[in-house]
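# Summary of the model geometry
As a plain string of letters, each chain reads:
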Amino acid sequence: MCKADRGAKRKATYMQVGSAARRASGKMDETLLERLKGRVTLAGGGHDEIEVEAPFTGEILGSVPWGTADDVREAVRRARAAQRLWAQTSFEERARIFMRFHDLVLERQDEVLDTLQLESGKARGHAFEEVLDVAIVARYYARTAKGHLRPRRRQGAFPLLTSTREYHHPKGVAGFIVPWNYPLTLAVTDAIPALMAGNAAVVKPDAQTPFSALWAAAILEEAGLPRDLFGIVTGRGAELGAPLIETVDFLMFTGSTATGRTVAAQAAKRLIDYSMELGGKNAMLVLEDADLEKAAEGAVRACFSNVGQLCISIERLFVHDSLFDRFAERFAEKTRALRLGGTLDYSAQMGSLVSRKQLDTVERHVQDAVEKGAAVLTGGRPRPDLGPYFYEPTILTGTTAEMTLFAEETFGPVVSLQRFSSVDEAVEKANDSPYGLNFSVWTGDEARGKKLATRLEAGTVNVNEAYAAAWGSTDAPMGGFKDSGVGRRHGAHGIQKYTESQTVAVQRLLPAAPPPGMGAERYARIATAALKVLSRLPGLK
Ligand code: NAD
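Below is a summary of the structure that appears in this document. (Residues numbered from 1 in each chain as written. Predicted model: local features only at pLDDT ≥ 70, side-chain atom pairs only at ≥ 80, totals over all residues. Heavy atoms only, no water.)

This part is about the overall build of the protein chain. Scanning the protein chain for helices and strands turns up 20 helices and 20 strands. Taken over C-alpha atoms, the radius of gyration comes to 26 Å for the protein chain, in line with the 24 Å a tight globule of 541 residues would show. In terms of its C-alpha atoms, the protein chain occupies a principal-axis envelope of roughly 90 × 65 × 40 Å. Across the 541 residues in the protein chain, those meeting the buried criterion constitute 54%. Counting only contacts in the protein chain whose residues sit at least 6 apart along the sequence, the fraction spanning at least 24 positions is 74%. Only carbon and sulfur atoms are counted for the fraction: they give 54% of the accessible area of the protein chain, which is about 23000 Å². (Helix = DSSP H or I, 4+ residues; strand = E, 2+ residues; numbered from the N terminus. Rg over C-alpha atoms; globule rule 2.2 N^0.38 Å. Buried < 20%, exposed > 50% of the residue type's maximum accessible area, 1.4 Å probe, protein only. Contact = heavy atoms within 4.5 Å. Areas by Shrake-Rupley, 256 points an atom, 1.4 Å probe, with all protein chains shown as cover.)

Right, let's get into the site of the ligand. Taken together, 25 residues surround the ligand, and among them Val 178, Trp 180, Ser 256, Leu 278 and Glu 409 come closest. With respect to the ligand, the side chain of Lys 204 contributes an N or O atom lying 3.1 Å from an oxygen atom. Within the side chain of Thr 259, one N or O atom sits 2.8 Å away from an oxygen atom of the ligand. Counting only elements with at least two residues in the shell around the ligand, the list comes to α10 (237-247), β8 (250-254) and α11 (257-270). Considering every element that reaches the shell around the ligand, the biggest residue donor is α10, with three residues. A per-class count over the shell around the ligand returns twelve nonpolar, eight polar and five charged. Both domains that meet at the shell around the ligand, namely domain 1 (67-278) and domain 2 (282-483), each give it at least three residues. (Near = heavy atom within 4 Å. Polar contact = N/O pair within 3.5 Å; in protein donor to acceptor, adjacent residues only side chain to side chain. Nonpolar A, V, L, I, M, F, W, Y, C, P; charged D, E, K, R; others polar. Domains from an automatic or database assignment.)

The subject of this paragraph is the pairing of strand β14 (residues 414-420). Looking along a regular strand, one sees side chains alternate from face to face of the sheet. Among the seven residues that make up β14, six are buried, leaving the element largely enclosed by the rest of the structure. Here strand β11 (residues 314-320) runs beside β14; their pairing, made up of five bridges, is parallel. Looking at the pairing, Phe 318 lines up with Gln 418 of β14. (Pairing = 2+ DSSP bridges.)

Here we take up the sheet that holds strand β20 (residues 499-507). Strands sit in the order β3-β4-β20 across an open sheet of three strands; the sheet is antiparallel. With partners counted over all chains shown, the strands left at the sheet margins are β3 (152-154) and β20, one partner each. With strand direction ignored, the average angle separating the axes of adjacent strands in the sheet is 30°. (Axes fitted to C-alpha atoms, helices over the stretch in contact; angles between N-to-C directions.)

Residues Arg 150, Arg 153, Arg 165 and Arg 508 make up a contiguous surface patch of positive charge. Arg 165 gets classed as partly exposed once you look at its relative accessible area, which sits at 30%. (Patch = residues over 30% accessible without salt bridge, like charges linked within 9 Å, V, L, I, M, F, W, Y side chains within 5 Å. Salt bridge = Lys/Arg side-chain N within 4 Å of Asp/Glu carboxyl O. Lys, Arg positive; Asp, Glu negative; His and termini not counted. Charge placed at Lys NZ, Arg CZ, Asp CG, Glu CD.)

A few words now on the environment of Trp 471. Following the sequence through the fold, Trp 471 ends up in helix α18 (residues 468-471). Remark: the alpha-carbon pair of Trp 471 and Ala 524, spanning 53 residues in sequence, is separated by 52 Å. Not counting residues within four places of it along the chain, the set of residues in contact with Trp 471 comprises Asp 133, Thr 185, Leu 186, Ile 312, Met 478, Arg 489 and His 490.

Quick look at helix α5 (residues 109-120) now. With twelve residues, α5 extends 16 Å from end C-alpha to end C-alpha; this agrees with the ideal 16 Å at 1.5 Å per step. By the criterion of burial, α5 is predominantly enclosed, with eleven of the twelve residues buried. Every buried residue of α5 is listed here: Gln 109, Glu 111, Val 112, Leu 113, Asp 114, Thr 115, Leu 116, Gln 117, Leu 118, Glu 119 and Ser 120. (Expected span 1.5 Å × (residues − 1).)

For the rest of this paragraph, the subject is the pattern of salt bridges. Going through the model one piece at a time under the given rule, you end up with 34 salt bridges. A salt bridge links Glu 111 to Arg 108; the shortest N-O distance between them is 3.8 Å. When its relative accessible area of 18% is taken as the criterion, Glu 111 is described as buried. The partly exposed category is assigned to Arg 108, whose relative accessible area is 22%. Residue Asp 289 pairs with Arg 448 through a salt bridge whose shortest N-O separation is 3.1 Å. Highlighted residues: Asp 289 in the loop between β10 (282-286) and α12 (292-304) and Arg 448 in helix α17 (residues 446-453), separated in sequence by 159 residues. The class for Asp 289 is partly exposed, based on a relative accessible area of 29%. When its relative accessible area of 25% is taken as the criterion, Arg 448 is described as partly exposed. The network of salt bridges with common partners includes Arg 35, Arg 108, Glu 111 and Glu 222.

Next up on the list: unusual backbone geometry. Positive phi, close to 55°, is recorded for Leu 271, a residue that is not glycine. Within the secondary structure, Leu 271 is located in the loop between α11 and β9 (273-277). The phi dihedral of Leu 509 falls on the positive side, at around 65°, and the residue is not glycine. Relative to the helices and strands, Leu 509 is located in the loop between β20 and α20 (520-534).

On to the environment of Tyr 498, then. As for its placement among the helices and strands, Tyr 498 is situated in the loop between α19 (493-496) and β20. Residue Tyr 498 is classed as buried on the basis of its relative accessible area, which comes to 1%. Note: C-alpha distance between Tyr 498 and Tyr 435 (63 residues apart in sequence) is 25 Å. In contact with Tyr 498, other than residues within four places in its own chain, are His 169, Pro 170, Lys 171, Ala 174, Phe 176, Asp 190, Pro 193, Ala 194, Asn 199, Phe 250 and Met 252. Separated by 3.0 Å, the side chain of Tyr 498 and the backbone oxygen of Asp 190 make a polar contact.

To continue, consider the side chain of His 47. Positionally, His 47 belongs in the loop between α2 (30-37) and β1 (49-54). A polar contact of 3.4 Å, which involves the side chain of His 47, links it to the backbone oxygen of Gly 44. Ignoring anything within four residues of it in the chain, the contact list for His 47 reads Leu 42, Pro 65, Trp 66, Gly 67, Thr 68 and Asp 71.

None of this, on its own, says anything about what the molecule does.
Printed below as a string of structure tokens:
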């Protein structure tokens, strides 16, 4: 079959999915599925399989091997062997591979957009955000890794006598535990800086969404990355987490705060370093001078992108009294106008929740809030007519501290709309949370927005945008205050954390101790006098 025919055949399958037969969305391209499954690292044969569900329909999309502790150990063993050679390659060589990867991801995006939608149930626009993010991060670290990691001259212990340099060495093998909500982005964008720094990566995707990570592995190999440098083991987190943490040299974990605490304790036992991106209960503040139309539109993006299954999405929305009623009306109108659906094209603006478990949590939180007196401004219902886990975007008012969703993360399309009458009150309410991941401020006065942002206890704050401005600023750190995380991704920290820094200091002429023949007391007197002089030299740190 020629290439064009193959394309037409594939399209036909997907058009069927897109138009009528959601049933067919459980049928991902069989050849692609088999190809991806072949990318799982296994220690031997004889595995049970884990079935992967297509949330649009509840049908089985395919299956992957049910990985074991032995598979993890095998993946880490192979990764470690491959890393030894990889660490010898130049930054330029690594950058060429990641720029090829960047191009391939953009060229082949339809393939992964389908895969992402089918395994996670997200709308195509939100799947595209993942493609965009992967390309941006690949380009960023391909271009900047060398600069972030180059040896740097540091001020020596003794001026002129000590020559000091800082080096960065790869840690070895980094392990990645990844959730289901952004299965491509979170499997790849944290691994890219690790790989660019000369490490190998072993990834454990969530069992609900393994295929996008496997697709990325195949494309990385096509781009020229040695196969074993990016190993993937599929299976259950509770079974594979411990053997991974027992064998890797660094752990990058993205997921819930509860699991984060468990894996942090395991990493601490081995004294390996880790970085964690965890949950949030993010707040958005709409000040009295905000552009109402833009803020209402931004709120829709902030609250309902990826069906609210986004660690940086907004679940608490504080609006100034003076525009509360008008804002609530416009926000509700725009929310009602969102098109829900499970098609493999850009027609739907919001997709399905990922699973029965997520739907249950959302229903439980909304029901509890309503029983305790909250009012539903719009939404508040599942939509089984669209698919088993669809739920309407929901705005609640009158929420109080007794309600579960007031402080707990829902991780769904539900926001509580609250009032404030002074900025101090808004700041206090927004900060009154154990979490501090991503906040958003809307104001007509940029300078005021920036000043206010620094009073908010969150790792990223977007002024006049929901989340994409800060997240997409790949040169700046991203992560959480308080229970929302440890460490940062992106920017210099996002790559330096995958290295051991080493200080090499060369001492010249005189020892870093009393010179021969000088008594300790005299040395102390001279050193004290020297320190006094040095403290007056302007250039010295
Ligand atoms: P989760 O903690 O249950 O699962 C996350 C990952 O951990 C999965 O791969 C899972 O298999 C694995 N896992 C589960 N139990 C484990 C164990 N005992 N040992 C090792 N690994 C284990 O989280 P979830 O509910 O699937 O994901 C949603 C959560 O992730 C939300 O709280 C969300 O806010 C958070 N999240 C945070 C970010 C961020 O950047 N801060 C990004 C995405 C998601």
